[in-house]
Amino acid sequence: EIARTIVERLKGVLHAGHVPKTQVLGKNTEAYLLFLRGRQYTASRTEDGFRKAVDCFERSLELEPENTQALVGLARSLINLADFGWEPEDSAYSRAREAVDRALSLDPRWGMAHAALGWIQLNHEINWAKAAESFDLALSLEPGNAPVLRQAGVMAAVQGRLDEAIALTQRALD
């Protein structure tokens, strides 16, 4: 009975988001370790951390060029470098867009990749209509993914839909 309760509670967590088609685990161990190291550096939220993350994701992609998680990790790190003013915006966003486009060509049903595309469209391409479409698609694909909810909340706030922005952000925090 205890095991059944645990399984039922985990179902919502484990099925909350799409598992990218090209999963990291089970392929190249070195590529996976580089991917994990990149994620760890990203979590530091520092210039040095984002730069090291870019290096790790790029090295991981040299070993596994079709790793969608590393592609989106690379894109997010480049976006952060640009957004914080640590990297020229045009070059960083251009490289991020290439990585996201590649990830979406490999797995068009991954919400995180659509959310990264939406962020690029919102903040660099200044195409709010396309950004809103990307965030809506990301939400439809991964309605329980906290980063997708948070970024869609930003989009809603930018468009003046404040009640929706608050609701999306609250769902991301829950």
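Residues numbered from 1 in each chain as written. Predicted model: local features only at pLDDT ≥ 70, side-chain atom pairs only at ≥ 80, totals over all residues. Heavy atoms only, no water.

Visitor: Help me understand helix 2 (residues 29-43) in this model?
Guide: Since the α-helix packs 3.6 residues into each turn, any two residues three or four apart lie on the same face. Over its 15 residues, helix 2 extends 21 Å from the first C-alpha to the last, a length consistent with the 21 Å expected when each residue adds 1.5 Å. Restricting attention to buried positions, one finds in helix 2 the residues Ala31, Leu34, Phe35, Gly38 and Thr42. What you see down the axis of helix 2 is that its buried residues fit within an arc of 105°, all on one side. Facing away from the buried side of helix 2 by over 90 degrees, the exposed positions are Thr29, Gln40 and Ala43. In the core, the buried residues of helix 2 are packed alongside helix 3 (47-63) and helix 4 (68-83). One side-chain oxygen at the N-terminal end of helix 2 lies 2.9 Å from the backbone nitrogen of glutamate 30; it belongs to asparagine 28. A positive backbone phi angle near 55° is found at arginine 45, which sits one or two residues after helix 2. (Helix = DSSP H or I, 4+ residues; strand = E, 2+ residues; numbered from the N terminus. Expected span 1.5 Å × (residues − 1). Buried < 20%, exposed > 50% of the residue type's maximum accessible area, 1.4 Å probe, protein only. Arc of directions from axis to C-beta. Contact = heavy atoms within 4.5 Å. Polar contact = N/O pair within 3.5 Å; in protein donor to acceptor, adjacent residues only side chain to side chain.)

Visitor: Looking at this structure, how should I read the environment of alanine 167?
Guide: Of note, alanine 167 is situated in helix 9 (residues 162-173). Along the sequence, alanine 167 and alanine 156 sit 11 residues apart, while their C-alpha atoms lie 9.9 Å from each other.

Visitor: What's the story with the pattern of salt bridges in this structure? I'm lost.
Guide: Between side chains of opposite charge, a pair can form when the charged atoms approach closely. Within the structure shown, the criterion is met by nine salt bridges. With a closest N to O distance of 3.1 Å, lysine 52 and aspartate 48 form a salt bridge. With a gap of four residues between them, lysine 52 and aspartate 48 both fall in helix 3, about one helical turn apart. Assessed through its relative accessible area of 46%, aspartate 48 is described here as partly exposed. Among the salt bridges present, the one from arginine 95 reaches glutamate 58, with a minimum N-O distance of 2.3 Å. Placement of arginine 95 in helix 5 (residues 89-106) and of glutamate 58 in helix 3 is noted, with a sequence separation of 37 residues between them. (Salt bridge = Lys/Arg side-chain N within 4 Å of Asp/Glu carboxyl O.)

Visitor: What is the right way to look at the packing of helix 6 (residues 111-123) against helix 8 (residues 146-158) in this model?
Guide: Contact pair helix 6 / helix 8: the axes reach a minimum separation of 10 Å and the direction vectors enclose 30°. With respect to each other, helix 6 and helix 8 are oriented roughly parallel. Where helix 6 crosses over helix 8, the two elements pack in a sense that is left-handed. Contacts from Gly111, Met112, Ala115, Ala116, Trp119 and Leu122 of helix 6 reach helix 8 at Pro147, Val148, Gln151, Val154, Met155 and Val158. Here the contact of helix 6 with helix 8 is composed, by residue class, of 10 nonpolar, two polar and no charged. (Axes fitted to C-alpha atoms, helices over the stretch in contact; angles between N-to-C directions. Parallel < 35°, antiparallel > 145°, perpendicular 65-115°, else oblique. Left-handed = near helix turned anticlockwise from the far one by under 90°. Nonpolar A, V, L, I, M, F, W, Y, C, P; charged D, E, K, R; others polar.)

Visitor: For this particular structure, what's the right way to read empty space enclosed by the protein?
Guide: Regions of empty space are outlined by a rolling probe, equal in size to a water molecule, passed over the atoms. Under the definition given, this model contains one cavity of 30 Å³ or more. In this structure, the largest cavity is lined by Ala132, Phe135, Asp136, Leu139, Ala152, Met155, Gln159, Arg161, Glu164 and Leu168. Contributing elements (two or more residues each) for the lining of the largest cavity: helix 7 (128-141), helix 8 and helix 9. Of all the elements, helix 7 adds the most residues to the lining of the largest cavity, at four residues. Within the lining of the largest cavity, the residues separate by chemical class into six nonpolar, one polar and three charged. (1 Å grid on protein atoms, 1.4 Å probe; cavity = no way out; pocket = protein on both sides within 12 Å on 5 of 7 lines; lining within 4 Å. Points joined across faces, edges and corners; volume = space filled by probe spheres on them.)

Remember, this is a structural readout, not a statement about activity or role.
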